[in-house]
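Per-entry structural report
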Amino acid sequence: MIKIYHNPRCSKSRQGLAILEEAKVSFETIKYLDNPPTREELVDILNKLAIKPINLIRKGEAIWKEKFKGKELNDDAIIDAMVSYPKLIERPIVITNDKAVIGRPPEQIKILL
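We now turn to the structure provided with this report. In this text, all values refer to a predicted model and were calculated from it rather than measured experimentally.

**Looking at the overall build of the chain**
Across its full length, the chain carries 4 helices and 4 strands. Along the chain, from the amino end to the carboxyl end, the secondary structure elements read β-α-β-α-α-α-β-β. Taken over the C-alpha trace, the chain has a radius of gyration of 14 Å; the compact-globule value for 113 residues is 13 Å, and the two agree within 12%. Along the three orthogonal principal directions, the C-alpha set of the chain runs to about 45 × 25 × 25 Å. Taken as a whole, the chain presents about 6500 Å² of accessible surface, with 47% of it coming from carbon and sulfur. One way to put it: in the chain the 20 positive side-chain charges average out to a point 6 Å from where the 16 negative ones average out.

See below:
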């Protein structure tokens, strides 16, 4: 089953959703600002992406700049920040059973199809 972690207000996320719709594949849409991932789900996503937590952070977000930028944070602290402030999570993220991609650019999603 394919899942997309989606923010309807984000143009890249909407483009990613359109790619899945055009591919006519079955997928689940998770509006992650309304239904944030748990810590365990985030760790699983990071493992499937094969990236460090800092690489999933939207560093341009005001919350990041105000609360976290310039601080020494270990991976656990960065994951905790994303759990507390899901707006910090890069988007869209598309996941299959054992792989995931960040849809930036949205065409990256086609790798999983």
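**Thoughts on the packing of aromatic side chains**
Two numbers describe a pair of aromatic rings. These are the distance of the centres and the angle of the planes. Here the structure, examined in full by the defined rule, presents 2 aromatic pairs. A ring pair is formed by Phe-68 and Tyr-85, whose centres lie 5.9 Å apart and whose planes are at 70°; its orientation type is edge-to-face. Taken together, the residues span a long stretch of sequence, with Phe-68 in the loop between helix 3 (62–67) and helix 4 (75–84) and Tyr-85 in the loop between helix 4 and strand 3 (93–95) at a distance of 17 residues. Phe-68 gets classed as buried once you look at its relative accessible area, which sits at 13%.

**Considering the nonpolar core**
Grouped together as the largest cluster of nonpolar side chains are 21 residues, with contacts concentrated most on Tyr-5, Ile-45, Leu-56, Met-82, Leu-88, Ile-89 and Ile-93. Counting only elements with at least two residues in this core, the list comes to helix 2 (39–49), helix 4, strand 3 and strand 4 (100–102). With near-sequence residues (within four places) excluded, Leu-88 lies in contact with Leu-56, Ile-57, Arg-58, Glu-61, Ile-63, Trp-64, Phe-68, Ala-81 and Met-82. Ranked by size, the runner-up nonpolar core spans 9 residues in total, among them Leu-17, Ile-19, Val-94 and Leu-112.

**Considerations on helix 4**
Of the positions making up helix 4, those classed as buried are Ile-78, Ile-79, Ala-81 and Met-82. Mapping the buried residues of helix 4 onto a view down its axis gives an arc of 155°, with all of them on the same face. Elements in contact with the buried residues of helix 4: helix 2. Where helix 4 begins, one side-chain oxygen reaches toward the backbone nitrogen of Asp-76, 3.1 Å away; that side chain belongs to Asn-74.

**Here we look at the pairing of strand 1 (residues 2–6)**
With 4 of 5 residues buried, strand 1 is to be regarded as a mostly interior element. As a crossover connection, the stretch from strand 1 through helix 1 (residues 11–22) into strand 2 (residues 27–31) is right-handed. Bridge count between strand 1 and strand 3: 3 bridges; the pairing is antiparallel. Looking at strand 3, one finds that Lys-3 is bridged to Ile-95.

**Regarding the pattern of salt bridges**
Counting across every chain of the model gives 7 salt bridges. Residue Glu-90 is joined to Arg-58 by a salt bridge in which the shortest nitrogen-to-oxygen separation is 3.1 Å. Separated by 32 residues along the polypeptide, Glu-90 in the loop between helix 4 and strand 3 and Arg-58 in the loop between helix 2 and helix 3 bring together distant segments of the chain. The class of Glu-90 is buried, set by a relative accessible area of 15%. On the basis of relative accessibility, which here comes to 17%, the residue Arg-58 falls in the buried class. Residue Arg-104 is joined to Glu-90 by a salt bridge in which the shortest nitrogen-to-oxygen separation is 2.7 Å. Highlighted residues: Arg-104 in the segment after strand 4 and Glu-90 in the loop between helix 4 and strand 3, separated in sequence by 14 residues. You can call Arg-104 partly exposed: its relative accessible area is 33%. Through salt bridges with shared partners, a single ionic network connects Arg-58, Glu-61, Glu-90 and Arg-104.

Cut-off values and rules
- Residues numbered from 1 in each chain as written.
- Predicted model: local features only at pLDDT ≥ 70, side-chain atom pairs only at ≥ 80, totals over all residues.
- Heavy atoms only, no water.
- Helix = DSSP H or I, 4+ residues; strand = E, 2+ residues; numbered from the N terminus.
- Rg over C-alpha atoms; globule rule 2.2 N^0.38 Å.
- Areas by Shrake-Rupley, 256 points an atom, 1.4 Å probe, with all protein chains shown as cover.
- Lys, Arg positive; Asp, Glu negative; His and termini not counted.
- Charge placed at Lys NZ, Arg CZ, Asp CG, Glu CD.
- Phe/Tyr/Trp six-rings, centres within 6.5 Å; stacked < 30°, edge-to-face > 60°.
- Buried < 20%, exposed > 50% of the residue type's maximum accessible area, 1.4 Å probe, protein only.
- Core = buried A, V, L, I, M, F, W, Y, C linked by side-chain atoms within 4.5 Å.
- Contact = heavy atoms within 4.5 Å.
- Arc of directions from axis to C-beta.
- Polar contact = N/O pair within 3.5 Å; in protein donor to acceptor, adjacent residues only side chain to side chain.
- Right-handed = clockwise from strand over helix to strand, strands pointing away.
- Pairing = 2+ DSSP bridges.
- Salt bridge = Lys/Arg side-chain N within 4 Å of Asp/Glu carboxyl O.

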